Amino acid sequence: ELRTNLKEKKVMEENDFDISSVKVLPTKRDTIIEKLQGIEYDIAMQARLIYPWLTSGAGIIAKRTVMLEIMKNHSLFFNGGDIEIGKLADMMGYKVGHLPMIFYTDIPSTFYKWYKQRFSWMCGAFRHSIINIHHQLKYPFHFIYFSFIIYILLPLKTIEMMDHLQTLPLL
């Protein structure tokens with residue numbers, strides 16, 4: 001484990017990262033809900049390579065001084081607080097990266113626990129996408145997808161679903 005810590009420290013130093021995200025994967029993939037989340041986590045971790053500021057609360061490595069400065073500007077709102085750390089770091093000019101270190105996390109094993117987690121995540125996503133829309137403009141893809149497609153087009157999607165109720169089970 002000490003070698004891993006030294007290796008990750010070396011990667012941070014070589015890339016001059018101030019704050020880094022790590023690859024977060026589920027500890028187990030036994031149930032259907034765990035297997036589906038495993039696929040989702042695999043895809044989400046690929047996005048970290050393109051958007052390293054999408055830091056994950058399960059695993060962030062940062063220089064102490066940088067994290068203290070970021071937290072002075074943090075809203076301390078729990079839902080989406082991990083991504084807020086990455087966004088603030090990026091907006092404050094810190095170099096945000098992604099380390100090839102795997103960090104395993106427990107994930108919801110039942111549909112009900114998964115639903116509660118997703119509800120919490122959606123609260124954070126709404127806050128990042130709509131309440132703080134001025135910050136989204138710096139990230140055009142995320143602005144278009146999260147602010148426009150998901151939220152602004154929601155009334156149209158709802159009307160369309162009501163016209164085609166037979167598609168709901170498929171969705």
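Below or above, wherever it landed, is the structure these notes cover. (Residues numbered from 1 in each chain as written. Predicted model: local features only at pLDDT ≥ 70, side-chain atom pairs only at ≥ 80, totals over all residues. Heavy atoms only, no water.)

**Some points on the layout of surface pockets**
Right, on to step 1. Of the pockets and cavities examined, the largest pocket occupies roughly 1,500 Å³.
Right, on to step 2. Among the secondary structure elements, those contributing two or more residues to the lining of the largest pocket are α2 (32-50), α4 (81-91), α5 (111-131) and α7 (140-152).
Right, on to step 3. Per-element accounting of the lining of the largest pocket gives the leading share, 9 residues, to α5.
Right, on to step 4. Its residues assigned to classes, the lining of the largest pocket comprises 23 nonpolar, 14 polar and 6 charged. (1 Å grid on protein atoms, 1.4 Å probe; cavity = no way out; pocket = protein on both sides within 12 Å on 5 of 7 lines; lining within 4 Å. Points joined across faces, edges and corners; volume = space filled by probe spheres on them. Helix = DSSP H or I, 4+ residues; strand = E, 2+ residues; numbered from the N terminus. Nonpolar A, V, L, I, M, F, W, Y, C, P; charged D, E, K, R; others polar.)

**Focus on the side chain of T55**
Right, on to step 1. Relative to the assigned elements, T55 resides in the loop between α2 and β2 (60-62).
Right, on to step 2. Within polar-contact distance, the side chain of T55 engages the backbone oxygen of D82 at 2.5 Å.
Right, on to step 3. Polar side-chain contacts of T55 include one of 3.1 Å to the backbone nitrogen of G86.
Right, on to step 4. Beyond its immediate stretch of four places on either side in the chain, T55 contacts S21, R48, I60, D82, I83, I85, G86 and V96. (Polar contact = N/O pair within 3.5 Å; in protein donor to acceptor, adjacent residues only side chain to side chain. Contact = heavy atoms within 4.5 Å.)

**Overview of the packing of aromatic side chains**
Right, on to step 1. The final tally for this structure, using the stated rule, is 1 aromatic pair.
Right, on to step 2. Summarising the aromatic geometry, the rings of F111 and W114 are spaced 5.3 Å apart at their centres and angled 35 degrees between planes, so their arrangement reads as tilted. Residue F111 and its partner W114 are both found in helix α5; the two are separated by 3 residues, about one turn of the helix.
Right, on to step 3. What makes F111 exposed here is its relative accessible area of 55%.
Right, on to step 4. The class of W114 is partly exposed, set by a relative accessible area of 23%. (Phe/Tyr/Trp six-rings, centres within 6.5 Å; stacked < 30°, edge-to-face > 60°. Buried < 20%, exposed > 50% of the residue type's maximum accessible area, 1.4 Å probe, protein only.)

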